Amino acid sequence: SKEINRNTYEFFNPVMSVQASERLEVAQELHKALDRNEFVLVYQPQLHFESGQITGVEALVRWQHPRRGMVSPVEFIPLAEETGMIVPIGEWVLRTACRQNKAWQDAGYGPMRVAVNLSAYQFKQSNIVQKVDEILQETGLKPEYLELEITESISMQNADYVIETLDQLNRLGIQISIDDFGTGYSSLSYLRDFPIHRLKIDRSFVNDITASDGDAVIAASIIAMARSLNLEVIAEGVETEKQFEFLLSKGCNEMQGYFISKPLPAEAITDRLLINKIT
Ligand code: C2E
Ligand code: CA
Ligand code: CA
Ligand code: CA
């Protein structure tokens, strides 16, 4: 009867059916977008407080749609996950980001990680470790220069699978960070059990760091906890000097946000010397 109710609802609700056909259309276009080369990556620099160097960049995907214009990942990643298209799209992102960082390394820019977002759906694929390994081999990027950003939501998956997969990724020599840290699930035991390198403080806590005592306490506590667990910690969404100063004073290792730079095309990263040539 659930099924009948849903169909009835959709039938009598013109807005719903417009949305449904729109979604179907976008899903079909998403399917062709890879072949048509419509995805692009932009890169956002990550600043290391102590050295003052850019020690990493996060790769962020964009869809350059022929009619819709630039489509945000917020709009198409959820659909890509629902349709399974996230697997080939994610593979393209990983390969492109590794290839780009290898080119930066070969051109003599300083040692630098490229961070790639890995959705929980991709993480669930049983060949994920093999895929990452293949792409590292194929592009020749040193594993230590690749970082995968996962979210706390992977801990919803089978615990043995999660730990085994993270262990295997670790053995490849890559780094792993927990993205959007603090917004996810309540149990922190995974911090003890998962082999990870870095926590990424979610933008929502950084936002009001200098305006709300509550957020300041949360951010400072995440930094302190990370440090006592021997994890690196990076703050995202840093937009102001005040936020920057606060994070620095609390011992945060790195930061990322508009205060340093928006995400930029690869050429702009090197043109503006956001990364430093060392040879
Ligand atoms: P995220 O991983 O949390 O990425 C950070 C988002 O914050 C990016 O949005 C970035 O442009 C934005 N941002 C960076 N600095 C600032 C700042 O100072 N202020 C504000 N207000 N925003 C800032 P973007 O690029 O629209 O990406 C949104 C989300 O889409 C990402 O959130 C991530 O969850 C997802 N995403 C992006 N690229 C990929 C991808 O290749 N694969 C997967 N699975 N997800 C992706
Ligand atoms: Ca991210
Ligand atoms: Ca994030
Ligand atoms: Ca986020």
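You'll find the protein entered in an unreviewed UniProt entry as EAL domain-containing protein, with Paenibacillus gyeongsangnamensis given as the organism.

Engineer: For the overall build of the protein, give the residues involved together with the corresponding values.
Structural biologist: Looking only at helices and strands, the protein features 12 helices and 9 strands. Against the compact-globule benchmark of 19 Å for 279 residues, the protein has a radius of gyration of 20 Å, which places it among compact chains. Referenced to the eigenvectors of the C-alpha coordinate spread, the extents of the protein come out at roughly 60 × 45 × 40 Å. In the protein, which comprises 279 residues, the proportion classed as buried is 47%. Contacts in the protein between residues far apart in sequence, at least 24 positions, make up 67% of those at least 6 positions apart. Counting every atom, the protein has about 14,300 Å² of accessible surface; 51% of that belongs to carbon and sulfur. When the 26 basic and 39 acidic side-chain charges of the protein are each reduced to a single mean position, those positions are 3 Å apart.

Engineer: Can you break down the coordination of the calcium ion (ligand 2) residue by residue, with the values?
Structural biologist: Ligation of the calcium ion (ligand 2) by protein atoms is provided by E58 (OE), N117 (OD1), E149 (OE) and D179 (OD), these donors lying 2.1 to 2.3 Å from the ion. Sequence positions of the residues that donate to the calcium ion (ligand 2) give the spacing E-x58-N-x31-E-x29-D. Taken as an interatomic distance, the gap from the calcium ion (ligand 2) to the calcium ion (ligand 3) is 3.8 Å; D179 donates to each of them. With N117 in strand β4 (residues 113-117) and D179 in strand β6 (residues 175-181), the pair connects residues that are 62 residues apart, well separated along the chain. Owing to a relative accessible area of 7%, D179 belongs among the buried residues under this scheme.

Engineer: Hey, could you go over the environment of L47 for me, with residue numbers and the actual values?
Structural biologist: Position of L47 among the secondary structure elements: in strand β1 (residues 39-48). For L47, a relative accessible area of 12% corresponds to the buried category. Put simply, L47 and G257 are 210 residues apart on the chain and 9.2 Å apart in space, counted from C-alpha to C-alpha. Setting aside its immediate chain neighbours within four residues, L47 contacts G52, Q53, I54, F244, N253, E254, M255 and I260.

Engineer: Can you tell me about helix α11 (residues 241-249), naming the residues and giving the values?
Structural biologist: Turning to α11, its buried residues are Q243, F244, F246 and L247. Taken down its axis, α11 places every buried residue within 165° of arc, on the same side. Seen from the open side of α11, the exposed residues pointing more than 90 degrees away from its buried face are E241, K242 and S249. Looking at the buried side of α11, the elements it contacts are β1, α9 (203-207), α10 (213-228), β8 (232-235) and β9 (254-255). Downstream of α11 by a residue or two, G251 has a phi angle that is positive, lying close to 90°.

Engineer: Go over the site of ligand 1 with me, naming the residues and quoting the values.
Structural biologist: In the vicinity of ligand 1 there are 22 residues, among which Q44, R62, R203, E239 and Y258 approach most closely. E58 places a polar side-chain atom, nitrogen or oxygen, 3.3 Å from an oxygen atom of ligand 1. Between ligand 1 and E239 there is a distance of 2.5 Å, counted from a nitrogen atom to a side-chain nitrogen or oxygen. Look at ligand 1: alone it shows 800 Å² of surface, and the protein chains cover 83% of it. Elements with a contribution of two residues or more to the shell around ligand 1: β2 (54-65), α3 (73-83), α4 (86-106) and β6. Here the element with the most residues in the shell around ligand 1 is β2; it accounts for 4 residues. When its residues are assigned to classes, the shell around ligand 1 shows 10 nonpolar, 5 polar and 7 charged.

Engineer: Please give an account of the nonpolar core that cites residues and values.
Structural biologist: Ranked by size, the top nonpolar core spans 82 residues in total, and within it Y43, V132, L146, L169 and L247 carry the most contacts. No other element matches the 8 residues that α4 contributes to this core. Once residues within four sequence positions are removed from consideration, V132 is found in contact with L94, L146, L148, L169, L172 and I174.

What counts and how
Residues numbered from 1 in each chain as written. Chains lettered and ligands numbered in written order. Predicted model: local features only at pLDDT ≥ 70, side-chain atom pairs only at ≥ 80, totals over all residues. Heavy atoms only, no water. Helix = DSSP H or I, 4+ residues; strand = E, 2+ residues; numbered from the N terminus. Rg over C-alpha atoms; globule rule 2.2 N^0.38 Å. Buried < 20%, exposed > 50% of the residue type's maximum accessible area, 1.4 Å probe, protein only. Contact = heavy atoms within 4.5 Å. Areas by Shrake-Rupley, 256 points an atom, 1.4 Å probe, with all protein chains shown as cover. Lys, Arg positive; Asp, Glu negative; His and termini not counted. Charge placed at Lys NZ, Arg CZ, Asp CG, Glu CD. Donors = N, O, S within 2.8 Å, 3.2 Å for Na, K, Ca; no water. Arc of directions from axis to C-beta. Near = heavy atom within 4 Å. Polar contact = N/O pair within 3.5 Å; in protein donor to acceptor, adjacent residues only side chain to side chain. Nonpolar A, V, L, I, M, F, W, Y, C, P; charged D, E, K, R; others polar. Core = buried A, V, L, I, M, F, W, Y, C linked by side-chain atoms within 4.5 Å.

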